[in-house]
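Overview (structure and organization)
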Amino acid sequence: MDPDGNEAPVDNGEETPSGNDTETPSGNDDETPASTPPGSQLFTCQASKSPMFQSRDVLNMRISADFTKLNSAPTKEESASQAVIELSDDSGAAPITANIIARGVSRFHCGFRPFSLKFEQKQKDNLFAHLGKSVKFVTHCGDREGLPPTLKADSLETYEQRLLMEDTVYQVLDQLQVPSLKTRLVRLTYHDAPTGKEETHLAFVREPEDEMAERCGMVEMEDLSGVDPLELTVDQHGLLLLNLLHDFVIQYDGIEGKNLVTMVDVDRKAIFFAPYDFDLVGVSRPDYVANKGRTLEQNRDGFADWLRRNQSPALFEHIDLLLDRADQMQRAVDQSSMNKENHEVFSRWLSLYLGLLRDFRACEGHTDDPSRPLCHVEDDHGDRPDSASVIEPGEWSARVEPPGDVDMFAVDLQANTLYSLGGRVPLELFDAQQNLVASASDRTVSFKPSQTGTYYLQASLGEQLISSPLFPRPDEIDRYISLYADDHGASLETATRLEAGETIEGTWELAGGEDEDWFLLDAGASANLHVVMRDTDFGLVAVSRVDAPADELPLEEYLIEGDNDVSWLVEQPGQYVLRVIQLLSLRPNGSYTVTLQ
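Being a predicted model, the structure only gives us computed values, none of them experimental.

Thoughts on the sheet that holds strand β15 (residues 419–423)
Pairing is antiparallel in the open sheet, where four strands are placed in the order β13-β20-β15-β18. Edge positions in the open sheet fall to β13 (394–398) and β18 (445–447), since each of these has one partner strand only. Along the sheet, successive strands turn relative to each other by an average axial angle of 15°, direction set aside. Across three bridges, the pairing between β15 and β18 is antiparallel. The partner of Tyr419 across the bridge, within β18, is Phe447.

Some details on the pattern of salt bridges
By the definition in use, this model includes 28 salt bridges. Glu209 is paired through a salt bridge with Arg206; the nearest N and O atoms lie 3.5 Å apart. The residue Arg348 makes a salt bridge to Glu297 at a minimum N-O spacing of 2.7 Å. With Arg348 in helix α8 (residues 340–361) and Glu297 in helix α5 (residues 296–310), this residue pair connects regions lying 51 residues apart in the sequence. For Glu297, a relative accessible area of 30% gives the class partly exposed. Overlapping salt bridges bring together Arg107, Glu166, Asp277 and Asp279 as one network.

Some details on the packing of α5 against α8
At a closest axis distance of 10 Å, the pairing of α5 and α8 adopts a crossing angle of 25°. Relative to α8, the element α5 lies roughly parallel. By crossing handedness, the relation of α5 to α8 is classed as right-handed. Packed against α5, whose contacting residues are Leu296, Glu297, Asn299, Arg300, Phe303, Ala304, Leu307 and Arg308, the element α8 presents Val345, Arg348, Trp349, Leu352, Tyr353, Leu356, Leu357 and Phe360 at the interface. Of the residues contributing to the contact of α5 with α8, the split by class is eleven nonpolar, one polar and four charged.

Digging into the state of the cysteines
Tallying each qualifying case throughout the model produces three disulfides. A sulfur-sulfur separation of 2.0 Å characterises the disulfide bridge that pairs Cys110 with Cys141. Looking along the S-S bond of the Cys110-Cys141 disulfide, the torsion reads about -100°, which is the left-handed sense. Residue Cys110 is found in the loop between β3 (96–102) and β4 (115–118), and its partner Cys141 is found in the loop between β5 (134–139) and α2 (156–174); the two are separated by 31 residues along the sequence. For the pair Cys110 and Cys141, a shared accessibility class is recorded, and that class is buried. Here Cys363 pairs with Cys375 through a disulfide, and the sulfurs are 2.0 Å apart. The sign of the S-S torsion, about -70°, decides the handedness of the disulfide formed by Cys363 and Cys375: left-handed. Taken together, the residues span a long stretch of sequence, with Cys363 in the loop between α8 and β12 (389–391) and Cys375 in the loop between α8 and β12 at a distance of twelve residues.

Section: the pairing of strand β27 (residues 565–569)
In β27, alternate side chains face the same way, and those of Val566 and Trp568 are buried while those of Asp565, Ser567 and Leu569 on the opposite face are not. Sheet analysis places strand β24 (residues 528–534) next to β27, joined by five bridges and oriented antiparallel. Its bridge partner lying in β27, Asn528 is registered against Leu569.

So, the nonpolar core
Counting residues in hydrophobic clusters, the biggest one holds 67 residues, and the most contacted among them are Phe248, Phe303, Trp306, Leu307 and Trp349. Broken down by element, this core gets its largest block of residues, nine residues, from α8. Residues contacting Phe303, with those up to four places away along its chain left out, are Leu244, Asp247, Phe248, Tyr353, Leu356, Leu357 and Leu470. Among the nonpolar cores identified, the runner-up in size contains 30 residues, and Phe53, Leu59, Ala102 and Leu131 belong to it.

A look at the side chain of Ser284
Relative to the helices and strands, Ser284 is located in the loop between β11 (270–275) and α5. Setting aside anything within four residues of it in sequence, one finds Ser284 in contact with Met165, Asp279 and Phe346.

Notes on helix α4 (residues 236–248)
With 13 residues, α4 ought to run about 18 Å at 1.5 Å a step, and its terminal C-alpha atoms sit 18 Å apart, in line with that. Among the 13 residues in α4, ten count as buried, and that is most of the element. Of the residues flanking the start of α4, the one acting as N-cap is Asp235, its side-chain oxygen 3.0 Å from the backbone nitrogen of His237. A positive backbone phi angle near 60° is found at Ile250, which sits one or two residues after α4.

Some points on the side chain of Lys182
With respect to the helices and strands, the residue Lys182 is situated in the loop between α2 and β6 (183–192). Here the side chain of Lys182 touches Asp174 through a polar contact of 2.9 Å, side chain to side chain.

A few points about the sheet that holds β6
The strand order around the closed barrel formed by seven strands is β1-β2-β3-β4-β5-β7-β6, and the pairing between neighbours is mixed. Sheet twist, expressed as the mean angle between neighbouring strand axes with direction ignored, is 40°. Sitting on the sheet, α2 touches β5, β6 and β7 (198–206), and the angle it makes with β7 is about 20°.

What counts and what doesn't
Residues numbered from 1 in each chain as written. Predicted model: local features only at pLDDT ≥ 70, side-chain atom pairs only at ≥ 80, totals over all residues. Heavy atoms only, no water. Pairing = 2+ DSSP bridges. Helix = DSSP H or I, 4+ residues; strand = E, 2+ residues; numbered from the N terminus. Axes fitted to C-alpha atoms, helices over the stretch in contact; angles between N-to-C directions. Salt bridge = Lys/Arg side-chain N within 4 Å of Asp/Glu carboxyl O. Buried < 20%, exposed > 50% of the residue type's maximum accessible area, 1.4 Å probe, protein only. Parallel < 35°, antiparallel > 145°, perpendicular 65-115°, else oblique. Left-handed = near helix turned anticlockwise from the far one by under 90°. Contact = heavy atoms within 4.5 Å. Nonpolar A, V, L, I, M, F, W, Y, C, P; charged D, E, K, R; others polar. Disulfide = S-S within 2.5 Å. Core = buried A, V, L, I, M, F, W, Y, C linked by side-chain atoms within 4.5 Å. Expected span 1.5 Å × (residues − 1). Polar contact = N/O pair within 3.5 Å; in protein donor to acceptor, adjacent residues only side chain to side chain.

Written as structure tokens, this is what we have:
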């Protein structure tokens, strides 16, 4: 059995693992894996084909290379040298040659840098089989002059305990059989070829990202070919799982594309993510700046609030997955080589978090029950026309949570009056007969109602399954919304035409939002467009040619206080769109003039 409790892969006869037959398999043959909830089958990954990950025994390895250069070169490119790898657990196995090169971002500053082994060709008949041509090692950091405080430790023991804790997080997530990188601890002897010096420390081998993607039925994004990236969409179930796993291991260092493996399910044209790089998670490093010194109990309470705000059938399916594998996750902690103190921290973390998930699991279907504070989400606005909140055109906010919540507003609008609609949540506007009049998601939309009357504005997350992050800013809970009478529209259909020799006044109507005014002009060669802003600190002026590619911007200039006018000389005659865009500023409701000469 492999670490996940699955059957070990059948040898196809092409490659023969050379691992020691006495190694202890990481699974337990006397246990049957817990069943995976049906909806989570999408994320079930196969066992690794590599013999590297058929055991959790610590692998003894000796690498001879120019480690002096690897750990001191000013750049990664200059750190490279040839390496000879010996696996002492393989009786009579021939040494393996590879190139070795330093890697890492912050950890590039460590005394012992993480590194990659790069092979001339894919390996067969040894532990590196089925791992491609490049394999990454995570090392203990080690002291070095000028080491940032985040990385510095008081002793070698602390450095190696940090590495063991990072590996334990990988091992815990590996029990879930979802996209997650496998690891294997190594007792690594560094032989510095130029000096002959040797020292031995713990490290771990990390599964290549593309190999993990393949065994999970996907392709790593950087290897994608034959598919138009514009056709891809982020899978919401996968995004929910990523957030759940990040919050479960208290990973606040994995946001905005950082520390994520991006993969594509080609058949479904869907993007998925897997988390990695767990050296600074809140379980082991509450002192890290992003973790703000929070205790496990404080993090659990924040996690409880996130669960309450984001509950959906999909979330409960993912929680079932974690609960079904609770024993395996605890066993991964028990089998770790961490010291007693860190074992206690990790066991307490699992106890607190899995206990919360067990309690929260009973919340399904009880968001409307105020007697259950762990479950209840108070609704600030009704979800139907007969319970809609009555508003005037303008600006306001709403809490659209949990996913599936709908907030409805009733507003009276005048026929043939220009309005603009926008905000930080998907919006749909209906007339009294429930006909869709306008919708807005990522940008402001302008329109003119054909009839005077009451209209209904609906705010919802649509297909999104995340309402807000773990510790959200206020604007990530109270979503800004605006529906206001506008002087100039934000589309070609509602743009104001600007004629040669004409000056037009404009106003930004919003106090907290980003009004966007469009002007349409036919300009000959040497025509001059002049924009002057008043009563504002910050704005953006952009000019694009009609029917030209979206990224073709003859003019894009930010204007700030003291530098608030811009002139642009037309070089190529044609029809252009001028956009004068309000950016968040200290002095809202600014005004401006535009002139075409």
